[in-house]
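In case you want the letters, here they are:
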Amino acid sequence: MSGHQLLVSTLEKYLDEKEWSWLSKKIAVLSGDFKDRNFYLAFSACSRFVDKLEISFDTADKKLLNAYYPNFSDLSWPKDELARITLITALPVDSNQRLLDNLFATADYRELIALYKGLYFLDNANDFALRCREGLRTNMAGVFDSIALYNPFPAKYLTEDAWNHMVLKAVFMERPIYKVHQIEERKNKNLAYIFLDYAHERMSAHRKVTPELWRFVAGYADENFSADLQRTVLEGAELERVAAIKALVESDFSKGHQWLKAQRIETDQLPSWDEIGKALAE
């Protein structure tokens, strides 16, 4: 089942009669004698004909949607937002880049959020990797979150450099890093060293370092990281200490393991990285 088919079958159940009648007619028009103007008008008019209330999906539909779009049920989905996404999935694949590039240039705040959340549903989603990267330049937290948090698109389609840029900016913007999809699969040595420099600069200036930063160091800690990690373990707040300990424990760095043992630091019952992130958010 394509993303478009899944969305159509889902929204038919969750939109009321008037909303579904309007949306289904617009989809039919786009599937027939296609004209750019019809799409732009329908996309813009969505919020006037489809309610903005968040949809509460039943268990069976959550399962289907999560299978197609990882983390779907972790996100909120207003009805008009999903209607807009359904419209973009109805576009011809051979021209949707041109049409959506024009729309990205003029879209308002809520429209941008729908667009970035919806890219993963497109049959040619990979063609929008550069558009996704461009979107990460935004200073609007809500738009940035629609790309970076729980969205499966970046992990699947962004290059290592682009994904690293996204995570680094998420830290700068103080976003909840644990909500980034597939951190463990995409974290890498280059990013670990970028964060080493960042952490060192902040610590030298006596500024705090988010405990979630050390998640990207875990697995890569070596002699270069020793001083800052040890300092955090000895002097940091509780979550900072725990995160630095985990980074050492989860790295193949024997000197780090020996140091922890010499300090008689307990490492058997450390929380998960997600638990650390959630505790920090609270």
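Remember, it's a predicted structure, so these values are computed and weren't measured experimentally.

Caption draft 1: Main features of the packing of helix α1 (residues 3-14) against helix α4 (residues 59-68). Packing of α1 against α4 brings their axes to within 11 Å, and their N-to-C directions diverge by 160°. Accordingly, the angle class assigned to the pair α1 and α4 is roughly antiparallel. Here α1 runs over α4; the crossing is left-handed. Between α1 and α4, the contacting residues are G3, L6, T10, K13 and Y14 on the first element and D61, L64, L65 and Y68 on the second. For the contact of α1 with α4, the residue count by class is five nonpolar, two polar and two charged.

Caption draft 2: Focus on the side chain of E81. Here E81 shows up in helix α5 (residues 79-89). Discounting chain neighbours no more than four positions away, the residues touching E81 are S76, I113, A114 and K117.

Caption draft 3: Spatial organisation of unusual backbone geometry. Backbone geometry places N71, a non-glycine residue, at a positive phi of 75°. Looking at the secondary structure, you find N71 in the loop between α4 and α5. With a phi angle near 65°, Y150 is a residue other than glycine that sits in the positive phi range. Position of Y150 relative to the elements: it lies in the loop between α9 (141-148) and α10 (153-157). The buried category is assigned to Y150, whose relative accessible area is 18%.

The rules behind the values
- Residues numbered from 1 in each chain as written.
- Predicted model: local features only at pLDDT ≥ 70, side-chain atom pairs only at ≥ 80, totals over all residues.
- Heavy atoms only, no water.
- Axes fitted to C-alpha atoms, helices over the stretch in contact; angles between N-to-C directions.
- Helix = DSSP H or I, 4+ residues; strand = E, 2+ residues; numbered from the N terminus.
- Parallel < 35°, antiparallel > 145°, perpendicular 65-115°, else oblique.
- Left-handed = near helix turned anticlockwise from the far one by under 90°.
- Contact = heavy atoms within 4.5 Å.
- Nonpolar A, V, L, I, M, F, W, Y, C, P; charged D, E, K, R; others polar.
- Buried < 20%, exposed > 50% of the residue type's maximum accessible area, 1.4 Å probe, protein only.

Purely geometric stuff here, so don't read any function into it on its own.
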